[in-house]
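A look at the structure
Okay, here's what each chain looks like letter by letter:
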Amino acid sequence: MNERLYTLIRTLAEKHSISIDDYRYILDNYCIEAADLLRELAVKARKKIYDNSVFVRGLIEISNFCKNDCFYCGIRRSNKNCSRYRLSSDQIIECAEDGYKLGFRTFVLQGGEDAYFTDEILCDLITKLKEKYSDCAVTLSLGERGRESYLRLYNAGADRYLLRHETAMKNHYEKLHPSEMSFQNRMNCLYTLRDIGYQTGCGFMVGSPFQTNEALAQDLKFIETFKPDMCGIGPFIPHNSTPFAAEKVGSLETTCYLLSIIRLIYPSVLLPSTTALGTIHQRGREEGILAGANVVMPNLSPFSVRGKYELYDNKLCTGEESAQCLNELCDRMRAIGYKVVIDRGDIKKSEGKRNLLQRKEK
Ligand code: 5AD
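First things first, this report covers the structure right here in the doc. It should be emphasised that the depicted structure is a prediction, and the values quoted were computed from it without experimental measurement. (Residues numbered from 1 in each chain as written. Predicted model: local features only at pLDDT ≥ 70, side-chain atom pairs only at ≥ 80, totals over all residues. Heavy atoms only, no water.)

1. Describing the overall build of the protein chain
So the rule is basically this: A run of H or I in DSSP becomes a helix once it reaches four residues, and a run of E becomes a strand once it reaches two; helices and strands are each numbered from the N terminus. The globule rule used for comparison is 2.2 Å times the number of residues to the exponent 0.38, while the radius of gyration itself is calculated over C-alpha atoms. Only protein chains enter the area calculation, which uses a 1.4 Å probe; residues under 20% of their type maximum are buried, those over 50% are exposed, and those in between are partly exposed. A contact between two residues is defined here by any heavy atoms of the two lying within 4.5 Å. Surface accessibility in these figures is a Shrake-Rupley result with a 1.4 Å probe; residues are shielded only by whichever protein chains are displayed. Counted charges follow a simple rule, with Lys and Arg positive, Asp and Glu negative, and His plus the chain ends left uncounted. Think of each charge as sitting on NZ of Lys, CZ of Arg, CG of Asp or CD of Glu.
Helices and strands together make up the secondary structure of the protein chain, namely 13 helices and nine strands. Compactness check: the protein chain gives a C-alpha radius of gyration of 19 Å against a globular reference of 21 Å for 362 residues, within 12% of the reference. Principal axes of the C-alpha set define a box for the protein chain whose edges measure 60 × 45 × 40 Å. Burial statistics for the protein chain: of 362 residues in total, 60% are counted as buried. Taking contacts inside the protein chain between residues at least 6 apart in sequence as the whole, the part at least 24 apart equals 75%. About 14800 Å² of surface is accessible on the protein chain, with carbon and sulfur atoms providing 50% of the total. In the protein chain, which carries 50 positive and 47 negative side-chain charges, the distance between the mean positions of the two groups comes to 2 Å.

2. A look at the sheet that holds strand 8 (residues 295-296)
The strands making up a sheet associate through hydrogen bonds between their backbones, and the pairing can be parallel or antiparallel. Condition: Here, any two strands with at least 2 DSSP bridges between them count as paired. Orientation is described by axes fitted as lines to C-alpha atoms, over the contacting stretch for helices, and by angles from 0 to 180 degrees between their N-to-C directions.
Overall, parallel pairing links the three strands, which are arranged 8-1-9 in an open sheet. Each edge of the sheet is formed by a strand with only one pairing partner; in this case those strands are strand 8 and strand 9 (339-341). Sheet topology note: the strand 1 (residues 53-56)/strand 9 ladder contains three bridges and is parallel. Along strand 9, the bridge assignment pairs Ser53 with Lys339. Where helix 13 (residues 326-335) meets the sheet, it contacts strand 1, strand 8 and strand 9, and its direction lies at approximately 155 degrees from that of strand 1.

3. Re the packing of aromatic side chains
As a reminder, the rule being used: The pairing test for Phe, Tyr and Trp rings, Trp by its six-membered ring, is centres within 6.5 Å, and the orientation test on the planes gives stacked under 30 degrees, edge-to-face over 60, and tilted for anything in between. Only Lys NZ and Arg CZ are tested; either one counts as a charge over a ring when it is within 6 Å of the ring centre and within 35 degrees of the ring normal.
Following the criterion strictly, the structure yields 14 aromatic pairs and no others. For the pair Tyr161 and Tyr198, a centre-to-centre distance of 5.7 Å together with 80 degrees between the ring planes defines the contact as edge-to-face. Of this pair, Tyr161 sits in strand 5 (residues 160-162) while Tyr198 sits in the loop between helix 8 (183-196) and strand 6 (199-206), and the two are 37 residues apart along the sequence. For Tyr198, a relative accessible area of 2% gives the class buried. With a centroid separation of 6.4 Å and 80 degrees between ring planes, the pair formed by Phe236 and Phe244 is classed as edge-to-face. What makes Phe236 buried here is its relative accessible area of 1%. For Phe244, a relative accessible area of 6% translates into the label buried. Among the aromatic residues, those joined into a cluster by ring pairs are Phe71, Phe210, Phe236 and Phe244. Taking the ring centre of Tyr25 as reference, the NZ or CZ of Arg4 above it sits at 3.9 Å. Directly above the aromatic system of Phe65 lies the positively charged group of Arg86, at a separation of 4.4 Å from the ring centroid.

4. A few points about the sheet that holds strand 6
On the basis of which strands lie adjacent, the open sheet formed by six strands has the order 2-3-4-5-6-7 and parallel pairing. Of all the strands in the sheet, just strand 2 (58-63) and strand 7 (230-235) have a single pairing partner and so form its edges. Looking at each pair of strands side by side, their axes are set apart by 20 degrees on average, direction ignored. For strand 6 and strand 7, the ladder comprises six bridges, and the chain directions are parallel. Note that in strand 7 the partner of Phe204 across the bridge is Ile233. On top of the sheet, helix 5 (residues 119-132) reaches strand 2, strand 3 (106-111) and strand 4 (137-141); it is set at about 155 degrees to strand 4, its chief contact.

5. Observations concerning the site of the ligand
The condition that has to hold: For this description, a residue counts as near a given molecule or strand if any of its non-hydrogen atoms is within 4 Å of it. What qualifies as a polar contact is a pair of N or O atoms within 3.5 Å, subject to a donor-acceptor requirement within protein and to the restriction that residues adjacent in sequence count only when both atoms come from side chains. Each residue is assigned to one of three groups, with Ala, Val, Leu, Ile, Met, Phe, Trp, Tyr, Cys and Pro labelled nonpolar, Asp, Glu, Lys and Arg labelled charged, and all others, Gly among them, labelled polar.
Around the ligand lies a shell formed by Tyr72, Cys73, Arg164, Glu166, Met205, Pro235, Phe236, Ile237, Leu311 and Tyr312. A distance of 3.0 Å separates a nitrogen atom of the ligand from a polar atom in the backbone of Tyr72. Contacts to the ligand include Glu166, whose side-chain N or O atom sits 2.5 Å from an oxygen atom. Contact with the protein chains hides 87% of the accessible area of the ligand, taken as 400 Å² for the molecule alone. Here the shell around the ligand is built from residues that sort into eight nonpolar, no polar and two charged.

6. Let's talk about the nonpolar core
Stated precisely, the cut-off is as follows: To form a nonpolar core, buried Ala, Val, Leu, Ile, Met, Phe, Trp, Tyr and Cys residues must be joined to one another through side-chain atoms within 4.5 Å.
One finds Ile26, Ile60, Leu140, Tyr198, Ile261 and Ile262 to be the most contacted residues of the largest nonpolar core, which totals 118 residues. The dominant element in this core, judged by the number of residues it contributes, is helix 10 (residues 252-265), at nine residues. The contacts of Leu140, once residues within four sequence positions are left out, are Leu109, Ile126, Leu153, Ala158, Arg160, Tyr161, Leu162 and Tyr198.

7. Considerations on the packing of helix 10 against helix 12 (residues 284-291)
The test is simple: Convention used here: angles under 35 degrees read as roughly parallel, angles over 145 as roughly antiparallel, angles from 65 to 115 as roughly perpendicular, and any remaining angle as oblique. Here is the rule for handedness: rotate from the far helix to the near one, and if that takes an anticlockwise turn smaller than a right angle the crossing is left-handed, while a clockwise turn gives right-handed.
It is the contact of helix 10 with helix 12, at a shortest axis distance of 8 Å, that shows an interaxial angle of 30 degrees. When the interaxial angle is binned, helix 10 and helix 12 end up roughly parallel. Of the two elements, helix 10 crosses helix 12, and the hand of that crossing is right-handed. Contacts between helix 10 and helix 12 involve Leu252, Cys256, Leu259 and Ser260 from the former and Gly284, Glu287, Gly288 and Ala291 from the latter.

8. Comments concerning helix 5
For the record, the criterion: The span expected for a helix works out to 1.5 Å for each residue beyond the first. Regarding the arc, it is the one traced by the directions from the helix axis to the C-beta atoms.
A rise of 1.5 Å per residue sets the reference length of helix 5, with its 14 residues, at 20 Å; its end C-alpha atoms lie 20 Å apart and thus fit the reference within 8%. Within helix 5 the residues assigned to the buried category are Asp119, Leu122, Cys123, Leu125, Ile126, Leu129 and Lys130. For helix 5, the arc enclosing every buried residue in end-on projection is 165 degrees, short of the 170-degree limit, so these residues lie on one face. As for helix 5, its buried residues are in contact with strand 2, helix 4 (89-102), strand 3, strand 4 and helix 6 (147-155).

So, in C-alpha cells, the structure goes:
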C-alpha cells in the first residue's frame, strides 16, 4: 500500500472526513492491504460503541405491489412474472407476535409503493403494534410519500424510516430509474424524514449498472454530510425479468470495503450486513459483520409469501435468513466472536448527543 493511501485511511479513521477526491483515491486503489487496514480500524471503532453486539430486526415484507418501475428491481410494475401479494393488517400483527416471541424488538415494515397502504391503514396498524409492543421500535420502508403522510405515520408511533437514496449522483440515478422518478424528490424525502424526527436510513447498491468510483465517492460524501442513523448497502444482483437481467453482480470485496469506510465515516451508524450480501456468498453475512456492520435483518414474513418478495434472483429467505432460525444466526455470529442481543438496537450517539433520541412532538 502506498503512503498516500495509508495516510488517507488513518485520516478517515481520526477525522471521519476526507474530500471526494480522496474517497475516490481510496476506491481507485483497492488492494488487500487497504481492505485489511480499513477492516481493522472499522472493527475497532464499532467495538468502542457497540462492543460485540449485533442487533437484529424482524423484516416483514408487507406488499410487493409497486407503482414504480426501477430498472434493477424484480418487483417493478412492468414485471408481469411477479406474483403479487399484500398482507392484511392482521397478518402483519401475527408476524410481529411471532417475532416478539423469537426475541425481535424492532419490526421493519417493508414494501413496494402500494397505494392500498393509505395513511389510515398504516396509522391504525402502527398504533396497534406500538400499543401491543411498547418496548419495540417500528421501522418503515415504504418508499416515497409526502411530508404530511410521513408526519402522520410518525405521530402514530413509527420510529425509523429506511429509504435508500440509491445513488448520490443525479445522472447515475437517471440511468437506474425511468424519467418519471426524480433524484431531487428522493433526496428531499430523506431530509423531510430527518426533519420530522425519524431515525433515518439511506443506502445504495454496490456494483449497480453504470456505477463509477466517482459515483461511489459521492455516495460516501453524502453519507458524511447527511449522517444517516442507518445505512443499507448490498451488492447489486440482477433479476431475470428486468432490463438489467444481463448485468454483472456487485462484489463481496467492494461491499465489505465500503462497509468499513462507512463505519469510519460515522462510527455510530447502524449498518446492516444485508440479505443481498448473504445471497452472493455463503459467508457474506459474516464477512459484512467482520468488515464493520452491526445489524442483521432476518425475514419474518409469512412463509406463504416469502419467495414472492423477489427483488433479485435467488434472494435468500430460509436458513439464517429466516427469523424462525434465529438460533442458527446466533450460532454463526458467536462463531465469529459476536453476540446477537435482544434489544431495540437504537443508534448510540456520542456523549452529549444522547437526548437526540427522544421523540420530538409534532
Ligand atoms: N439487487 C440488489 N438490491 C436491489 N434492490 C432492489 N433491486 C435490487 C437488486 N436487483 C434494493 C434497492 C432498494 C431495496 C429495497 O432493495 O436498493 O432500495
